[in-house]
Amino acid sequence: MKKLRFLGFVAVVFCMGGFPPIIAEEGQIPISSSSMDVLNNWRTLELGHPRLLWTKDDQAQAIKRYKTDEVWKMLQASIVREADLQIKTPVAQHKLVGIRLLGESRDALRRIMLESYVWRMTGEARYRERALAEMRAVCAFPDWNPKHFLDTAEMAFAVAIGYDWLYESLSEEDKGLFREALVKHALIPGMKVYESKAGWHTRNNNWNQVCNGGLLAAALAIAEDESTLARKVIKHAVESLPRAMSQYGPDGGYQEGPAYWEYGTTYNVVAIATLKKAIDTDFELSGDRAFQRTAFCFRQLRGNSGLYFNYADGGTRVEVSPAYSWLGNEYGPEIVRQDARAMLTEFLKKRENNAVTDGGRFFPLYGVWFPGKASDRVDGRTAPLSAHFRGNADIAVMRSHWTDPNSAYVGLKAGKNDVPHSHLDLGSFVYDILGVRWVEDLGGDYYDLPGYWDSQQGGGRWKIFRLNNLGHGTLIPEGLLQNAKGEAKIVKLVSSNEGAFTIADLGGAYPDQLTSWSRGLSLDYESGKLVVQDDVESKEAGTRFEWKIFTRAKVTVSPENPCVATLVYQGRKMHVFSMAPEGFVFENAEADPGLERQSVNKGFRQLILKGVFLEKKGTIQVLFVPDSGKGGLEMFSMPGMPLDTWGQGNVGAENDDMCI
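Not measured: the values here are computed from a predicted model.

Enquirer: Describe the packing of helix H9 (residues 206-221) against helix H10 (residues 227-245), with residues and values.
Expert: Relative to each other, H9 and H10 sit at 155°, their axes nearing to 9 Å. In terms of axis orientation, H9 runs roughly antiparallel to H10. Here H9 runs over H10; the crossing is left-handed. Where H9 approaches H10, its residues Asn208, Gln209, Asn212, Leu215, Leu216, Ala219 and Leu220 are matched on the opposing element by Ala230, Val233, Ile234, Ala237, Ser240, Leu241, Arg243 and Ala244. The class makeup of the residues in the contact of H9 with H10 is 10 nonpolar, four polar and one charged.

This is the structure:
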């Protein structure tokens, strides 16, 4: 699409003296002076439509690819089928659930994007008419619920996409209606937030990414008609987004877990890709090294059972993610490119067989960010099997193979307890082998529970079982809660051809009770056996401890030897051995906390190891031995070896940079 000089926009910039330099504050990524020069001399805007994410040239390439790529053909058929289903659904209503209009905003986005995309690909008027019906309905709302600005941002993105992608077919009356709504319901309320001292624009979480992404799309959709307002919004959004992007540092991790990674990162990609398409610059936002590495983190957070390491409030499944595809196309590495295409292909096959139905509201963006082909050769030599992602959620992961579904996978959680959506989960872990997950994270609970967002020390959030450490697979002294501001670090990750281990310093979880606490996890690649060892020093002798995990398996504790337990799940078997001090025994317990309105954790059990340290110092070692059906239950352990001696000749050499 031809770029045209946009004098009105540049006049506004110069009349206001250009953009002031952006000074990096704590938690911000600085924007370089060279990028600011681009901004101060900004002279072009893509005046034609569509210009949000997907131009006419992109559309032509999509149609061309459709003729040669079998996965693309499956994708196109799947999108059209969903569009046909959505045509029959009613338009959104201004109906709040609690404080939120969010469900209606998301439904509107799903239908507007879907029907607009299919109209552009097929030219069939019925799809355009359905999108227009949705847009007219939501633009007649009294507001888009700015008190809960996620609702506003997602609705703004929906209407901006519809306005841009349908632009050439819109009547002047509809254009005016949609522009007025974007200004009144999104850009003006957004400016009120930007001009305040506190709000989502000052945070480093998904709210920042979603709200800035939605407002950027709205501003760029109508920039030639609302140049002054659009310019102000773009300026603020470009200044604000680095705060959220700082949480990816330094290795690409994400503090809010994989489910919120998909949500926040999608809108972060929307912001960057929209800027690039509309004005030929993203002000170096996409140049951040940690952001370039975050897709590899997302890949590492998925175990070979197909489930994610779901720390924080998210669930274990993310079926599809067009933003993951964009990141793979843009940055790689090869394991991400390969996986993004495989993820989409698997989902499309399941959809054809009605095994899954919902691709989510961003699903049509696969037509915009279609995953390119990658090399077939991806293994431990081209992508490390183990990785450490530092940051607010300090995570270590280890796996024995990239593609074998029966191979082993382990994830260990450290980091900070006082970040958005975090739990009191320091020291918790997940464990996959034989194609299933044996050690689980329960995930979040109902967001409308009393006190859910009160995360101060002693706050209501920590009375919710799933959110405190009592509801996690960790070590608990005297039944106490972890410190709400507790911090922990992964201090070592060692890998060899035979296995890997990681160690976390977790003393900050219980500063008033423990002098020190370290947890080490050691994985043997060939057998999939796992050692979990806790070296603890209490401030007083006689401290009572509970070591626990949560599992979907059937749990049996041996009546002859309560230091041995057996887990059975989906026809597979796991043996668990305790090598704790004398007096520690396993218990098979309910996972239902029995608390009003809280999740009953149906299908889960707790395996708890209980006992008392007679001295201040002690070690608990638990061995997981998968039963492969081939015989041999010899225990894999390192008896008598304190964690600070691990790696001295027993598991290979340390690799200090396990990230791509």
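Enquirer: Mind laying out the pattern of salt bridges, listing which residues take part and the relevant values?
Expert: Taken as a whole, this structure holds 36 salt bridges when the rule is applied. Where Arg437 meets Asp432, a salt bridge forms, and the shortest distance between an N and an O atom there is 2.7 Å. For the pair Arg437 and Asp432, a shared accessibility class is recorded, and that class is buried. Sharing partners across several salt bridges, the network here consists of Glu82, Arg110, Arg351 and Asp358.

Enquirer: Could you give an account of the environment of Val80, naming the residues involved and the relevant values?
Expert: Mapped onto the fold, Val80 is located in helix H4 (residues 70-87). Separated by 34 residues in the primary sequence, Val80 and Leu114 have C-alpha atoms spaced 8.4 Å apart.

Enquirer: Can you lay out the confidence of the model for the protein chain for me, pointing to particular residues and giving the numbers?
Expert: Residues at a pLDDT of 70 or more form 88% of the protein chain, whose mean pLDDT is 90. Low confidence marks residues 1-42, where pLDDT is under 50. Its contacts with residues over four positions away, or in another chain, come to 86 contacts. Low pLDDT, under 50, characterises residues 650-660; the predicted model gives this stretch 36 contacts beyond four residues in sequence or across chains.

Enquirer: Got a sec to walk through the nonpolar core? Specific residues and values, please.
Expert: Core analysis: the largest hydrophobic core is formed by 185 residues, its most contacted members being Trp144, Phe157, Phe429, Tyr431, Trp438, Trp547 and Phe624. Leaving out residues up to four positions away in the same chain, Trp438 has contacts with Tyr431, Asp432, Ile433, Phe550, Thr551, Ala553, Leu567, Val568, Tyr569, Arg572, Lys573 and Met574. Counting 10 residues, the second largest nonpolar core, distinct from the first, contains Val494, Phe501, Ile503 and Leu623.

Enquirer: Describe helix H13 (residues 322-331), and please don't skip the residues or the numbers.
Expert: Turn by turn, an α-helix covers 3.6 residues, leaving residues three or four places apart pointing in a common direction. Extensive coverage of H13 is indicated by the burial of seven of its 10 residues. When we look at burial in H13, the residues that qualify are Pro322, Ala323, Tyr324, Ser325, Trp326, Leu327 and Gly328. At the exit of H13 stands Gly332, carrying a positive phi of roughly 80°.

Enquirer: Please set out the sheet that holds strand S9 (residues 475-477) residue by residue, giving values where relevant.
Expert: Think of a sheet as strands paired side by side through backbone hydrogen bonds, with each pair either parallel or antiparallel. Here four strands make up an open sheet; going across it, the order is S9-S14-S19-S18 and the pairing antiparallel. Every interior strand has two partners, whereas the edge strands, S9 and strand S18 (585-590), have only one. Taking the axes of each pair of neighbouring strands and ignoring which way they run, one obtains an average angle of 30° across the sheet. In the sheet, S9 pairs with strand S14 (residues 544-551) via three bridges, with the strands oriented antiparallel. Across the sheet, residue Leu475 finds its bridge partner in S14, namely Trp547.

Enquirer: Please provide a residue-by-residue account of the packing of aromatic side chains, values included.
Expert: Describing an aromatic ring pair means giving the distance of the ring centres and the angle of the ring planes. Across all of its chains, the model carries 35 aromatic pairs by this definition. Seen from their ring centres, Phe363 and Tyr366 are 5.9 Å apart, and the 70° between their planes marks the pair as edge-to-face. Each member of the pair, Phe363 together with Tyr366, is buried. Sitting above the plane of the Tyr263 ring, Arg106 keeps its charged end 4.9 Å from the centroid. The ring of Trp207 carries Arg203 above its face, with NZ or CZ at 5.5 Å from the centroid.

Enquirer: Tell me about the sheet that holds strand S16 (residues 564-569), and please be specific about residues and values.
Expert: As summarised here, the arrangement of the nine strands in space is S6-S10-S11-S12-S13-S20-S17-S16-S15, forming an open sheet in which the pairing is antiparallel. Strands with a single pairing partner mark the edges of an open sheet, and in this sheet they are strand S6 (415-416) and strand S15 (554-557). Where strand S10 (residues 487-495) lies against strand S11 (residues 499-505), six bridges are found, and the strand directions are antiparallel. Along S11, the bridge assignment pairs Ile490 with Ala504.

Enquirer: Break down the packing of H13 against helix H14 (residues 334-352) for me, citing the residues and quoting the values.
Expert: Between two packed helices, both the angle of their axes relative to each other and the distance between the axes serve to describe the pair. Look at H13 against H14: their axes get within 8 Å of each other, and the N-to-C directions meet at 150°. By the angle between their axes, H13 is roughly antiparallel relative to H14. Judged by the sense of rotation from one axis to the other, the crossing of H13 with H14 is left-handed. Residues Tyr324, Ser325, Gly328, Asn329 and Tyr331 of H13 pack against Val336, Arg337, Asp339, Ala340 and Met343 of H14.

Enquirer: Explain helix H7 (residues 149-165) residue by residue, including any values.
Expert: A rise of 1.5 Å per residue sets the reference length of H7, with its 17 residues, at 24 Å; its end C-alpha atoms lie 24 Å apart and thus fit the reference within 8%. When you tally the buried positions in H7, you get 17 out of 17 residues, the bulk of the element.

Enquirer: Tell me about the pairing of strand S19 (residues 605-612), residues and numbers included.
Expert: Across eight bridges, S14 lies against S19 in antiparallel orientation. Residue pairing for S19: Trp547 is matched across the bridge by Leu609.

Enquirer: Break down the side chain of Gln76 for me, with residues and values.
Expert: Tracing the chain through its elements places Gln76 in helix H4. A distance of 3.5 Å separates a polar atom in the side chain of Gln76 from a polar atom in the side chain of Tyr117. Apart from the residues within four sequence positions on either side, Gln76 is in contact with Tyr66, Tyr117, Met121 and Thr122.

Enquirer: I'd like to hear about the environment of Lys463, residue by residue, with values.
Expert: If you trace the backbone, Lys463 turns up in the loop between strand S8 (436-439) and S9. As for Lys463 and Gly451, which are separated by 12 residues in sequence, their C-alpha atoms are 8.2 Å apart. What Lys463 contacts, discounting residues up to four positions off in sequence, is Gly458, Asn468, Leu595 and Gln598. Among the polar contacts listed, one links the side chain of Lys463 to the backbone oxygen of Gly458, at a separation of 3.2 Å.

Enquirer: If you had to explain the pairing of S16 to someone new, which residues and values would you point to?
Expert: Looking along a regular strand, one sees side chains alternate from face to face of the sheet. Two strands pair when backbone bridges link them, and S15 and S16 are joined in this way by four bridges, in the antiparallel orientation. Residue pairing across strands places Thr556 opposite Thr566, the latter belonging to S16. Where S15 hands over to S16, the hairpin turn is made up of six residues, counted between the paired strands. Relative to strand S17 (residues 572-578), S16 is paired through six bridges, and the arrangement is antiparallel. When the sheet's bridge partners are listed, Tyr569 is paired in S17 with Arg572. Taken together, S16 and the strand that follows it, S17, pair antiparallel across an intervening segment of two residues, in which Gln570 is found at a positive phi of about 50°.

Procedures and definitions
- Throughout this description, residue numbers start from 1 for each chain and increase along the sequence as written.
- Residues qualify for local features only when their pLDDT is at least 70, as the model is predicted, and side-chain atom pairs are given and counted only at 80 or more; totals for whole chains, interfaces and linings, by contrast, use all residues.
- Computation of side-chain values covers all heavy atoms of the structure but excludes hydrogens and water.
- Every axis in this analysis is a line fitted to C-alpha atoms, fitted for helices over the stretch in contact. Angles between the N-to-C directions lie between 0 and 180 degrees.
- Only DSSP runs of H or I reaching four residues or more are called helices, and only runs of E reaching two or more are called strands; each is numbered from the N terminus.
- Angle categories: roughly parallel below 35 degrees, roughly antiparallel above 145, roughly perpendicular from 65 to 115, and oblique for all the rest.
- By the definition used in this description, the sense in which the near helix is turned from the far one sets the handedness, with an anticlockwise turn below a right angle giving left-handed and a clockwise turn giving right-handed.
- The criterion used for residue contact is that any of the two residues' heavy atoms lie within 4.5 Å.
- Only Asp, Glu, Lys and Arg are considered charged, only Ala, Val, Leu, Ile, Met, Phe, Trp, Tyr, Cys and Pro nonpolar, and every remaining residue, Gly among them, polar.
- Here, a salt bridge means any Lys or Arg side-chain nitrogen found within 4 Å of an Asp or Glu carboxyl oxygen.
- Relative accessibility under 20% of the residue-type maximum defines a buried residue, over 50% an exposed one, and the middle range a partly exposed one, all with a 1.4 Å probe and only protein chains included.
- The quantity called pLDDT is the predictor's confidence in a given residue, expressed from 0 to 100.
- Residue types Ala, Val, Leu, Ile, Met, Phe, Trp, Tyr and Cys, when buried and joined through side-chain atoms within 4.5 Å, form a set referred to as a nonpolar core.
- Two strands form a pair only when DSSP identifies at least two bridges running between them.
- When the centres of two rings from Phe, Tyr and Trp lie within 6.5 Å, Trp using its six-membered ring, the rings pair. Their planes under 30 degrees apart give stacked, over 60 give edge-to-face, and anything left gives tilted.
- Look at NZ for Lys and CZ for Arg. If either is within 6 Å of the ring centre and within 35 degrees of the ring normal, a charge sits over the ring.
- Take the number of residues in a helix, subtract one, and multiply by 1.5 Å to get its expected span.
- We call two N or O atoms a polar contact when they sit within 3.5 Å, provided that within protein one can donate a hydrogen and the other can accept it, with sequence-adjacent residues counted only if both atoms are side-chain atoms.

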